[in-house]
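# A closer look at the structure
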Amino acid sequence: MLGLKAAQGMVYTTAFYWDQNQETREFSNRFHAIHKGMPTMIHAGAYSAAMHYLKGIDARKSDAAEDVLDQMRKTPVNDFFAKNGVIRKDGRMVHDMYLAQVKTPSESKGEWDIAKVQSTIPGDQAFAPLSASSCPLAKT
């Protein structure tokens with residue numbers, strides 16, 4: 001791990017930061033209790049995607065791929081990971097992203113207190129439009 005001293009001030013984009021709000025902290029604390037570390041955007045995104053898929057199965061009372069995909073696309077993703085996320089027909093989930101900055105060692109209040117979210121990048125600006133997708137599903 002790079003550490004605050006080396007990375008301080010670095011700016012990056014992310015879809016998730018564990019300490020962003022009450023919902024992210026609750027998920028992250030549950031994750032930490034099991035894994036002894038805070039989740040990354042990959043952990044949080046995978047959990048969110050799996051839960052959205054399972055909710056699609058539950059809503060359709062089916063695990064048939066087309067039924068579940070249709071339900072997932074119709075239902076905005078609203079959880080600790082994303083608010084009003086939309087799954088497009090090319091499979092891309094469009095959601096807000098965040099510009100974050102690594103804290104200085106003196107700003108940090110603990111081991112996992114490493115970043116501060118500077119601003120929100122709206123999903124329609126963070127992701128290329130469907131018209132620019134090279135996925136064959138985007139053309140149907």
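Whatever comes next refers back to the structure up there.
Report on the accompanying structure. None of these values were measured; they are calculated from a predicted model. (Residues numbered from 1 in each chain as written. Predicted model: local features only at pLDDT ≥ 70, side-chain atom pairs only at ≥ 80, totals over all residues. Heavy atoms only, no water.)

For side chains bearing opposite charge, pairing can occur when the charged atoms are close. Under the counting rule described, the total for this entry stands at 8 salt bridges. Lysine 74 is paired through a salt bridge with aspartate 70; the nearest N and O atoms lie 3.3 Å apart. Of this pair, lysine 74 and aspartate 70 are both found in helix α4 (residues 65–74), 4 residues apart, which corresponds to roughly one turn of the helix. The salt bridge partner of aspartate 90 is arginine 88, with a shortest N-O separation of 2.9 Å. Relative accessible area serves as the criterion here: at 14%, aspartate 90 is assigned to the buried category. (Salt bridge = Lys/Arg side-chain N within 4 Å of Asp/Glu carboxyl O. Helix = DSSP H or I, 4+ residues; strand = E, 2+ residues; numbered from the N terminus. Buried < 20%, exposed > 50% of the residue type's maximum accessible area, 1.4 Å probe, protein only.)

Okay, the pairing of strand β4 (residues 97–102) next. Each regular strand carries side chains that alternate between the two faces of the sheet. In the sheet, strand β1 (residues 11–14) pairs with β4 via 4 bridges, with the strands oriented antiparallel. What sits directly across from tyrosine 12, in β4, is alanine 100. Here β4 pairs with strand β5 (residues 115–121) via 6 bridges, running antiparallel. Bridged to valine 102 within β5 is alanine 115. (Pairing = 2+ DSSP bridges.)

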